[in-house]
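A structural walkthrough
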Amino acid sequence: APSRTKHPRMTALFLIVLVDLIGFGIIIPLLPFYAEHFGATPFQVGLVMAAYSMAQLIAAPLWGRLSDRIGRRPVLLGTLAGMTIGSAALAFVDSLFVLFVVRIATGFMAGNISTAFAYVSDVTTPATRARGMGIVGAAFGVGFVAGPAIGGILAGADPLAADFRTPALAAAGLSLLAMTLAAVRLPESMTPEARAAARAAKIRPFAAWRDMMGRPRLRRLVGLMFGATFVFAGMEATFAMWSERQFGWGPEPKGYLFAMIGILSAAIQGGLIGRLAHRFGEGRLIPIGAALLALGLGAIPLASSPILLVPAMLLAGAGFSLMSPSLNSLISLEAAETERGAVMGLSRSAATLGRVLGPAWGGAVFGMIGKDAPYAFGAALMLALVLFAHRAL
């Protein structure tokens, strides 16, 4: 069986996920302008943004289950190759229809994040699982801070004369680098016996998902993952509109604030979460994180100045950063060795669904009720999840 020291493997996995997510983040600032370049309506722009996440939602359990059967390494290598091709193809898109097709195909490949989390489950012990999940989460934080900044610089400041090709090719190059790192530095994490057992089980993906959702504890954990992501994504999607109406902010101050949240998230998930989980246990960190997220969201509408807004946003970011790796750790512990990929795929699908539905819900209540509504309702939902987590875990 593989050694459980694993530090070189976790370092390699961190770098692979980081490089790949920076490449993904590079594309984010471009897509609305790129879609409008082909005559997209605002609704179609939203569909282009959602198409990637919807494909990722469908793919995550499929890649996870396949990785249980053939191993994590070949799935990671194959999907990183697919992301390289998809990002390169984005540089040569010539119509809105082709843009949709490319984003759906690339999103399907990006479902490989479930395999990365399954890899963490393979190479950590229950005592070190939260720290391992936090390391991958830290790569998310850093990637989402650095990627959009790089993409904005490469595309240029003028939306009417934006350079779409250079950022797309840069993203392809980063995915290629991540694939090379995986090929050179990332050994297989599953034992041959575990892969053989997963193949012998012959469980169909949809039957496996039904079985997993029939487990009460796993169902509760996945529900908590969806709820936290749903609320946080709703905040992210509406904050630009809220801050413009509250303080007259444009993109720049919002970018600085979200960069601060990303850095805080990386610090918590990359370093602090392991020590906190060791001291308190993941089951206690989840309601604490939910309470901090509720406090932060509830304080946003009360912020009458940017000085008061910063701590509210940081509280919300800290709460989500405590919840996410703790939930991933506990979810992974519900999985047998032969189904870790499928279970982590289910978890990623729940998080992705939250990122699809959360912004839609946030935008709807923002428009119909008022600018403070997403935060007030989000805080109330998180307080309900605090009580639910206390009883469920």
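Residues numbered from 1 in each chain as written. Predicted model: local features only at pLDDT ≥ 70, side-chain atom pairs only at ≥ 80, totals over all residues. Heavy atoms only, no water.

**Some points on the packing of helix α6 (residues 113-123) against helix α7 (residues 129-155)**
To be explicit about the condition: To define axes, lines are fitted to C-alpha atoms, for helices over the stretch in contact only, and angles between the resulting N-to-C directions are given on a 0 to 180 degree scale. Put simply, DSSP marks the helices as runs of H or I at least four residues long and the strands as runs of E at least two long, and each gets a number from the N terminus on. By the definition adopted for this analysis, an angle is roughly parallel if under 35 degrees, roughly antiparallel if over 145, roughly perpendicular if from 65 to 115, and oblique otherwise. By definition, turning the near helix anticlockwise from the far helix through less than a right angle yields a left-handed crossing, and turning it clockwise yields a right-handed one. Whether two residues touch is decided by their heavy atoms; if any such pair falls within 4.5 Å, the residues are in contact. Each residue is assigned to one of three groups, with Ala, Val, Leu, Ile, Met, Phe, Trp, Tyr, Cys and Pro labelled nonpolar, Asp, Glu, Lys and Arg labelled charged, and all others, Gly among them, labelled polar.
At a closest axis distance of 9 Å, the pairing of α6 and α7 adopts a crossing angle of 150°. In terms of orientation, α6 and α7 fall into the roughly antiparallel class. Considering how the two elements wind past one another, α6 and α7 form a crossing that is right-handed. Each of I113, F117, V120 and S121 in α6 lies in contact with α7, whose residues at this interface are R129, G132, M133, V136 and F140. When grouped by side-chain class, the residues that make up the contact of α6 with α7 number six nonpolar, two polar and one charged.

**Description of the packing of aromatic side chains**
The test is simple: To pair, rings of Phe, Tyr and Trp, with the six-membered ring standing in for Trp, must have centres within 6.5 Å; the planes then decide the type, stacked if under 30 degrees apart, edge-to-face if over 60, and tilted in the middle. Note on exposure labels: buried denotes an accessible area under 20% of the residue type's maximum, exposed denotes more than 50%, and partly exposed covers the range between, all computed with a 1.4 Å probe on protein chains only.
The tally for this structure, following the rule as stated, stands at 11 aromatic pairs. With 5.7 Å between their ring centres and 65° between their planes, W63 and F108 make a pair best called edge-to-face. Here the residue W63 occupies a position in helix α3 (residues 42-70), and F108 occupies one in helix α5 (residues 96-109), the gap between them amounting to 45 residues. With 6.1 Å between their ring centres and 75° between their planes, W242 and Y375 make a pair best called edge-to-face. Of the two residues, W242 sits in helix α11 (residues 216-247) while Y375 sits in helix α16 (residues 373-392), which places them 133 residues apart along the sequence. Take W242 and Y375: they sit in the same class, and that class is buried. Three or more aromatic residues joined by ring pairs make a cluster, and in this case those are F239, W242, F247, W249 and Y375.

**A word on a nonpolar patch on the surface**
Quick note on the threshold: Residues form patches when they are more than 30% accessible in relative terms and have no salt bridge. Like charges link within 9 Å. Nonpolar side chains (Val, Leu, Ile, Met, Phe, Trp, Tyr) link within 5 Å. Surface accessibility follows the Shrake-Rupley procedure with a 1.4 Å probe radius. Residue values consider only the protein chains on display as shielding. The salt bridge definition used is simple: a Lys or Arg side-chain nitrogen within 4 Å of an Asp or Glu carboxyl oxygen.
Together, M368, I369 and F377 make up an exposed nonpolar region whose accessible area comes to about 370 Å². As for its position among the elements, I369 is in the loop between α15 (340-368) and α16. What makes I369 exposed here is its relative accessible area of 57%.

**Examining the pattern of salt bridges**
According to the stated counting rule, one finds nine salt bridges in the structure shown. Of the charged contacts in the structure, one is a salt bridge between E244 and R245, with a shortest N-O distance of 3.7 Å. Residue class for R245 comes out partly exposed when judged on its relative accessible area of 47%. Between K371 and D372 there is a salt bridge, with the nearest N and O atoms lying 3.4 Å from each other. A network of salt bridges, in which partner residues are shared, links R65, D68, R72, D122 and R340.

**Points about the packing of α11 against α15**
Viewed as axis vectors pointing N to C, α11 and α15 meet at an angle of 35°, and their least axial separation amounts to 6 Å. α11 and α15 meet at a crossing whose hand is right-handed. Tallied by class, residues from the contact of α11 with α15 come to 19 nonpolar, eight polar and three charged.

**Here we look at the nonpolar core**
Considering soluble globular proteins, one finds that nonpolar side chains tend to be buried as a cluster. Threshold: Buried Ala, Val, Leu, Ile, Met, Phe, Trp, Tyr and Cys residues that are joined via side-chain atoms within 4.5 Å together make up what is termed a nonpolar core.
By size, the foremost hydrophobic cluster in this structure holds 77 residues, and its most contacted members are M235, F239, L297, I300, L309, M313 and M382. Ranked by residues supplied to this core, first place goes to α11 with 12 residues. Discounting chain neighbours no more than four positions away, the residues touching M235 are F258, L297, I300, M313 and Y375. If you look at the next biggest cluster of nonpolar residues, it comprises 21 residues, including L30, A51, A91 and A162.

**Concerning the confidence of the model for the protein chain**
Low-pLDDT stretches of the model should not have their predicted coordinates read in fine detail. The cut-off we apply is this: Summary of the metric used: pLDDT quantifies the predictor's per-residue confidence within the range 0 to 100.
Within the protein chain, residue pLDDT values average 85, and 92% of them lie at 70 or more. Counting interchain partners and residues more than four positions distant, the pLDDT-below-50 stretch residues 1-6 has 10 contacts.

**Comments concerning α15**
Here is the rule: In a helix, the anticipated span is given by 1.5 Å times the number of residues less one. A residue's bend is the angle separating two fitted axes: one through the seven residues that end there, the other through the seven that start there.
Under the 1.5 Å per step criterion, the end-to-end length of α15 is 42 Å for 29 residues, consistent within 8% with the ideal 42 Å. Approximately 25° is the largest bend angle found in α15, and it occurs at L357, with the proline P359 only one to four residues beyond. Trailing α15 by a residue or two, G370 shows a phi angle of about 155°, which is positive.

**As for the side chain of S87**
For S87, the position within the fold is in helix α4 (residues 72-90). Sequence-distant contacts of S87, that is, excluding residues within four places in its chain, are made with T106, A168, A171, A172 and S175.

**Thoughts on the side chain of T124**
In plain terms, the rule: For this analysis, a polar contact is any N or O atom pair within 3.5 Å, provided that within protein one partner can donate a hydrogen and the other can accept it, and provided that sequence-adjacent residues contribute only side-chain to side-chain pairs.
Residue position: T124 is located in the loop between α6 and α7. The class of T124 is buried, set by a relative accessible area of 5%. Here the side chain of T124 touches V120 through a polar contact of 2.7 Å, landing on its backbone oxygen. Polar side-chain contacts of T124 include one of 2.6 Å to the side chain of R129.

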